[in-house]
Amino acid sequence: MITENGAEIQATELPVTTEIQGELLLVRLSRPQKRNALSDAVILGIETIFSTIPPGVKCAVIYGEGKHFSAGLDLSELTESDAVQGIQHSRMWHRVLDKVQFGTVPVVAVLHGACVGGGLELASACHIRVAENSTFYALPEGQRGIFVGGGASVRLPKLIGMARMADMMFTGRVITAEEGNAIGISQYITEEGKGLKKGIELATKIGGNAGITNYALMHVLPRIVDASQDQALMMESLIAAIAQNAPEAKERLKQFLEGKAKKVGE
Ligand code: 1HE
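What counts as what
- Residues numbered from 1 in each chain as written.
- Predicted model: local features only at pLDDT ≥ 70, side-chain atom pairs only at ≥ 80, totals over all residues.
- Heavy atoms only, no water.
- Near = heavy atom within 4 Å.
- Polar contact = N/O pair within 3.5 Å; in protein donor to acceptor, adjacent residues only side chain to side chain.
- Areas by Shrake-Rupley, 256 points an atom, 1.4 Å probe, with all protein chains shown as cover.
- Nonpolar A, V, L, I, M, F, W, Y, C, P; charged D, E, K, R; others polar.
- pLDDT = per-residue confidence, 0-100.
- Contact = heavy atoms within 4.5 Å.
- Axes fitted to C-alpha atoms, helices over the stretch in contact; angles between N-to-C directions.
- Helix = DSSP H or I, 4+ residues; strand = E, 2+ residues; numbered from the N terminus.
- Buried < 20%, exposed > 50% of the residue type's maximum accessible area, 1.4 Å probe, protein only.
- Pairing = 2+ DSSP bridges.
- Right-handed = clockwise from strand over helix to strand, strands pointing away.
- Phe/Tyr/Trp six-rings, centres within 6.5 Å; stacked < 30°, edge-to-face > 60°.
- Lys NZ or Arg CZ within 6 Å of the ring centre and 35° of its normal.
- Core = buried A, V, L, I, M, F, W, Y, C linked by side-chain atoms within 4.5 Å.

Trainee: How should I be thinking about the site of the ligand in this particular structure?
Mentor: Inspection of the region around the ligand gives 21 residues, with Lys-34, Ala-71, Leu-73, Gly-118 and Arg-144 positioned closest. Within the contact set of the ligand, an oxygen atom lies 2.9 Å away from a side-chain nitrogen or oxygen of Arg-35. In the environment of the ligand, an oxygen atom lies 2.7 Å from a nitrogen or oxygen atom belonging to the backbone of Gly-118. Relative to its free-state accessible area of 1000 Å², the ligand is covered by the protein chains to the extent of 65%. For the shell around the ligand, the residue count by class is eight nonpolar, seven polar and six charged.

In structure tokens form, the structure reads like this:
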């Protein structure tokens, strides 16, 4: 694999690892000694993984080894670069995190400890987030004199609103796991050490959905949210009709009408 600056990285050195568990792909950030700081090697490793999801995988779970999910951009790699190189680096992050958000399977992020800077950008590109109660969120870019470059200015306001994101950057405010859950960063919160189990449970449930439903949630819903109301409502009608006419939906509706499907909440 070749990085943006031309350095070659051997696949065996990739500090991000995978494991198949049934129909799930578990992706682990494996640089605990550097708090899972997101070096170019990690980012490009994530790109390779999400570009080559093995057939049969229905959902992915991403989590971090050690005491933290991720300390964000690897600051030791933030060397002298001109404006064009800076743009290219940020665009590399955009390309990779788009692969996560708009890939072939939904992704559940399991968070604990630091989920800061680029780590929060990675978490925001996933489809839902589970936070252990040790999780804390921050955007230290404001304090480091830089700006987010991995898509946070687009994705994070959709989770928490623009004012909260601006506050995090203006003031360096640290958001606790409980606060993060209340304002919409995470959708689930667990005790320490229980996040991965919860993430796997959710991923298994998501993987059991009709393929068209997961596809629509990943690829159509975000475009509906970004579109004008008129275009959005048309997109909704189109995807609703496509989903409804898929054989899988017809079978699921039949099962319900025959009393064989689970009721809401079961
Ligand atoms: C790192 C990084 C890193 C730790 N890049 N090496 N992100 C930040 O500004 C967050 C910076 N990190 C921290 O505030 C703390 O490390 C933590 C709160 C995350 C964790 O604290 P702690 O006490 O568990 O670990 P530590 O002792 O601070 O760090 C352990 C080692 O990891 C140490 O290296 P060592 O060789 O001295 O052992 C640290 O230097 C190293 N380390 N974080 C490189 N981030 C697409 S643009 C995105 C822009 C950003 O993400 S900016 C935010 C960057």
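Trainee: Can you walk me through the confidence of the model for the chain in this structure?
Mentor: Atomic detail in the predicted coordinates should be set aside for any region of low pLDDT. For the chain, per-residue confidence averages 93 on the pLDDT scale, and residues scoring 70 or more make up 95% of the total. The model gives residues 1–12 a pLDDT under 50, and that stretch makes 18 contacts with residues more than four places away or in other chains.

Trainee: I would appreciate a short explanation of the packing of helix α2 (residues 83–101) against helix α3 (residues 118–125) in the present structure.
Mentor: Between two packed helices, both the angle of their axes relative to each other and the distance between the axes serve to describe the pair. Contact geometry for α2 and α3: axes closest at 8 Å, N-to-C directions at 35°. On α3, the residues that touch Trp-93, Leu-97, Val-100 and Gln-101 of α2 are Gly-118, Glu-121, Leu-122 and Ala-125. Across the contact of α2 with α3, the residue classes tally to five nonpolar, two polar and one charged.

Trainee: Mind showing me how you'd approach the environment of Lys-260 here?
Mentor: Looking at where Lys-260 falls in the secondary structure, it is placed in the segment after α11 (247–257). Sequence separation between Lys-260 and Ala-37 is 223 residues; the distance between their C-alpha atoms is 48 Å. In this structure the side chain of Lys-260 is engaged in a polar contact, spanning 2.9 Å, whose partner is the side chain of Glu-258.

Trainee: Just to check I follow, could you spell out the pairing of strand β4 (residues 107–111) for this structure?
Mentor: Here β4 lies mainly inside the structure; five of its five residues are buried. Burial of the side chains of β4 extends over both faces: Val-107, Ala-109 and Leu-111 are buried on one face and Val-108 and Val-110 on the other. In this sheet, β4 lies alongside strand β3 (residues 59–64) in parallel orientation, the contact comprising three bridges. Residue pairing across strands places Ile-62 opposite Ala-109, the latter belonging to β4. What joins β3 to β4 is α2, and the crossover it makes is right-handed. Looking at chain direction, β4 and strand β6 (residues 128–132) are connected through four bridges and run parallel. The residue of β6 that forms the bridge with Ala-109 is Arg-129.

Trainee: Just to check I follow, could you spell out the sheet that holds strand β5 (residues 114–116) for this structure?
Mentor: Paired through backbone hydrogen bonds, the strands of a sheet run either parallel or antiparallel to each other. Here three strands make up an open sheet; going across it, the order is β5-β7-β8 and the pairing mixed. Two strands bound the open sheet, and with one partner strand each, they are β5 and β8 (175–176). Packing against the sheet, α3 makes contact with β5 and β7 (136–138), and its axis sits at approximately 85° to β5.

Trainee: Would you mind showing me how to read the packing of aromatic side chains here?
Mentor: Aromatic ring pairs are described here by two measures, namely the spacing of the ring centres and the angle between the planes. Under the criterion given, the structure shown has zero aromatic pairs. Geometry around Phe-102 places Arg-223 over its ring, the cationic atom sitting 4.7 Å from the centre.

Trainee: Looking at this structure, how should I read the nonpolar core?
Mentor: If you look at soluble globular proteins, the nonpolar side chains tend to sit buried side by side. Among the nonpolar cores identified, the biggest contains 44 residues, and Leu-29, Ile-46, Phe-50 and Tyr-137 are the most heavily contacted of them. Mapped by element, the contributors of at least two residues to this core are β2 (24–29), α1 (40–51), β3, α2, β4, α3, α5 (152–160) and α6 (162–171). Counting residues per element, this core draws most heavily on α1, at six residues. In this structure, Phe-50 is in contact with Val-27, Ala-60, Lys-99, Val-100 and Val-107, ignoring residues within four places of it in sequence. Counting residues in hydrophobic clusters, the runner-up holds 13 residues, among them Leu-26, Cys-59, Val-108 and Val-110.

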